[in-house]
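Okay, here's what each chain looks like letter by letter:
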Amino acid sequence: EEQNLPKLRQYVAEFGDRFYRHHLYLYGDQGTQKTTQAMIIGKSLIEKGFTVQYTLMDILIKNLMQLSFGDGDREFDRNIREADCLILDESFDPKSVTLYHSKYQISYLTTFLKERLEMLQRAIVFVSEVPVTRIGEVFDESLQDVIERNTQGTRLHFRDHYTLKDDFDPDELWDVDKYE
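Engineer: Looking at this structure, I do not really get the sheet that holds strand 4 (residues 123–128). What am I missing?
Structural biologist: In a beta sheet, neighbouring strands pair by backbone hydrogen bonds and run either parallel or antiparallel. Read across the sheet, 5 strands follow the order 2-3-4-1-5 without closing on themselves; strand pairing throughout is parallel. The open sheet is flanked by strand 2 (52–56) and strand 5 (155–158), the only strands paired with a single partner. Shown here is a sheet whose adjacent strand axes are inclined to one another by a mean of 15°, direction ignored. Across 4 bridges, the pairing between strand 1 (residues 24–28) and strand 4 is parallel. In the sheet register, Tyr27 faces strand 4, and the bridge partner there is Ser128.

Engineer: Explain the packing of helix 4 (residues 57–68) against helix 5 (residues 74–82) here, please?
Structural biologist: For any two helices packed against each other, the geometry is given by the interaxial angle and the distance between the axes. Contact pair helix 4 / helix 5: the axes reach a minimum separation of 10 Å and the direction vectors enclose 120°. Here helix 4 is positioned oblique relative to helix 5, judged by the angle of their axes. Along this stretch, helix 4 crosses helix 5, giving a crossing that reads as left-handed. Here helix 4 contributes Ile59, Leu60, Asn63, Leu64 and Leu67 to the contact with helix 5, which in turn contributes Arg74, Phe76, Asp77, Ile80 and Arg81.

Engineer: I'm lost on the pattern of salt bridges in this one. Help?
Structural biologist: A side chain with one charge can pair with a side chain of the opposite charge if their charged atoms come near. Going through the model one piece at a time under the given rule, you end up with 9 salt bridges. For Lys62, the salt bridge is made with Asp58, and the minimal N-O distance between the two is 2.8 Å. Remark: Asp58 and Lys62 occur in helix 4; sequence separation between them is 4 residues, near one turn of the helix. Since its relative accessible area comes to 41%, Lys62 is described here as partly exposed. Look at Asp58 and you get buried, because its relative accessible area is 12%. Where Glu118 meets Arg149, a salt bridge forms, and the shortest distance between an N and an O atom there is 2.8 Å. You can see Glu118 sitting in helix 6 (residues 106–119) and its partner Arg149 sitting in helix 8 (residues 141–150), a full 31 residues away along the chain. With a relative accessible area of 29%, Glu118 lands in the partly exposed category. Look at Arg149 and you get partly exposed, because its relative accessible area is 47%. Among the ionic contacts, a cluster of salt bridges with common partners joins Asp77, Arg81 and Glu115.

Engineer: When you look at the nonpolar core in this model, what are you seeing that I'm missing?
Structural biologist: As a rule of thumb, soluble globular proteins bury nonpolar side chains together. Counting residues in each nonpolar core, the largest one holds 27 residues, and the members touching the most others are Tyr25, Phe92, Leu109, Leu113, Phe126, Phe139 and Ile147. Of all the secondary-structure elements, those providing two or more residues to this core are strand 1, helix 4, helix 5, strand 3 (85–89), helix 6, strand 4 and helix 8. Residues contacting Ile147, with those up to four places away along its chain left out, are Tyr25, Phe92, Leu113, Leu117, Phe126, Val132 and Ile135. Among the nonpolar cores identified, the runner-up in size contains 21 residues, and Val12, Leu26, Ile41 and Val52 belong to it.

Basis of the calculations
Residues numbered from 1 in each chain as written. Predicted model: local features only at pLDDT ≥ 70, side-chain atom pairs only at ≥ 80, totals over all residues. Heavy atoms only, no water. Pairing = 2+ DSSP bridges. Helix = DSSP H or I, 4+ residues; strand = E, 2+ residues; numbered from the N terminus. Axes fitted to C-alpha atoms, helices over the stretch in contact; angles between N-to-C directions. Parallel < 35°, antiparallel > 145°, perpendicular 65-115°, else oblique. Left-handed = near helix turned anticlockwise from the far one by under 90°. Contact = heavy atoms within 4.5 Å. Salt bridge = Lys/Arg side-chain N within 4 Å of Asp/Glu carboxyl O. Buried < 20%, exposed > 50% of the residue type's maximum accessible area, 1.4 Å probe, protein only. Core = buried A, V, L, I, M, F, W, Y, C linked by side-chain atoms within 4.5 Å.

Listed below in structure tokens is the structure:
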């Protein structure tokens, strides 16, 4: 979305100086290129020398639960905890995140997010179809509060549906060199 592009460019350009501890929340309907924009952010940060990891929230939760039983992927866990920027796709989406009826696995996610957002202060780019104000409807209110306070002022709503051309080059959307 045109109004979001300058903010996303600024996030990348000033990441090391200003935004390293700020978290983006990209939300909107399916097909509005939120993931594409998040991947461009990730690629641009890697080109600037930062470490970036990408995962789906469902995979993250499953690994966090397995780690508690001693079976999780420790390298994956180390990488998502230590990366300068974590891109967390399909965040808080009830269609994509498997929640047990008891919702007991939410505590694993809440603990991880509090640690990464507030203790380690390492950036997360959330990609979601769910607005922050509706996270509590499926997950819980305390998790919504964590996300609300850590993404205040950095939530970008994507509304426009894009039709990608066959020769689409996502790098054309951003002129990152202009900001270096």
